[in-house]
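In case you want the letters, here they are:
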Amino acid sequence: MASLEAIRDYLAKELVQMTEQCEKLQAEAAILPGIRAELEALRPRHYAALELMVERDEELEELRADIVDLKEVYREQVNLLVNQPMFSPCCVTDSESKFKTGNIDST
């Protein structure tokens, strides 16, 4: 008889635990439609944000490539200026030739 009472008590506890778990799951299930609706509302924003990030990354890569190109152009220009003679006779104007020879008049 005592073992039957022990089994009954065990099953009663089990029933209480299962009932509590069932109530908890029912409460969570009641929230689920609202969560799904919220998820569906957030999806377009998520996709739009992803698209903007992709566009930004593409633009960033283009700008980085432009910087590389500009650096190369700058280097070429600096090299041209460094290697170019300061005053070549064919390009010297009359005032520059007077300056080079020291014949500067104030007239």
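Note that this is a predicted model, so its numbers are computed, not measured.

## A few points about the overall build of the chain
Here comes step 1: What the chain contains, in helices and strands, is two helices and zero strands.
Here comes step 2: Put simply, the chain has 107 residues, and 1% of those count as buried.
Here comes step 3: Entry remark: accessible area of the chain is about 10300 Å², with carbon and sulfur atoms responsible for 62%.

## Brief notes about the pattern of salt bridges
Here comes step 1: Applying the stated rule across the entire model yields five salt bridges.
Here comes step 2: Across the pair Glu 61 and Arg 64 runs a salt bridge whose closest N-O atoms are separated by 3.4 Å. With Glu 61 and Arg 64 both in helix H1 (residues 2-83) and three residues apart, this pair spans about one turn of that helix.

## Considering a negative patch on the surface
Here comes step 1: Together, Glu 51, Glu 55, Glu 58, Glu 59, Glu 62, Asp 66 and Asp 69 make up a region of like negative charge exposed at the surface.
Here comes step 2: Among the structural elements, Glu 51 can be located in helix H1.

## A few points about a nonpolar patch on the surface
Here comes step 1: Where nonpolar side chains cluster on the molecular surface, the patch consists of Met 1, Leu 4, Ile 7, Tyr 10 and Leu 11 and spans about 620 Å² of accessible area.
Here comes step 2: Looking at where Leu 11 falls in the secondary structure, it is placed in helix H1.

Thresholds applied
- Residues numbered from 1 in each chain as written.
- Predicted model: local features only at pLDDT ≥ 70, side-chain atom pairs only at ≥ 80, totals over all residues.
- Heavy atoms only, no water.
- Helix = DSSP H or I, 4+ residues; strand = E, 2+ residues; numbered from the N terminus.
- Buried < 20%, exposed > 50% of the residue type's maximum accessible area, 1.4 Å probe, protein only.
- Areas by Shrake-Rupley, 256 points an atom, 1.4 Å probe, with all protein chains shown as cover.
- Salt bridge = Lys/Arg side-chain N within 4 Å of Asp/Glu carboxyl O.
- Patch = residues over 30% accessible without salt bridge, like charges linked within 9 Å, V, L, I, M, F, W, Y side chains within 5 Å.
- Lys, Arg positive; Asp, Glu negative; His and termini not counted.
- Charge placed at Lys NZ, Arg CZ, Asp CG, Glu CD.

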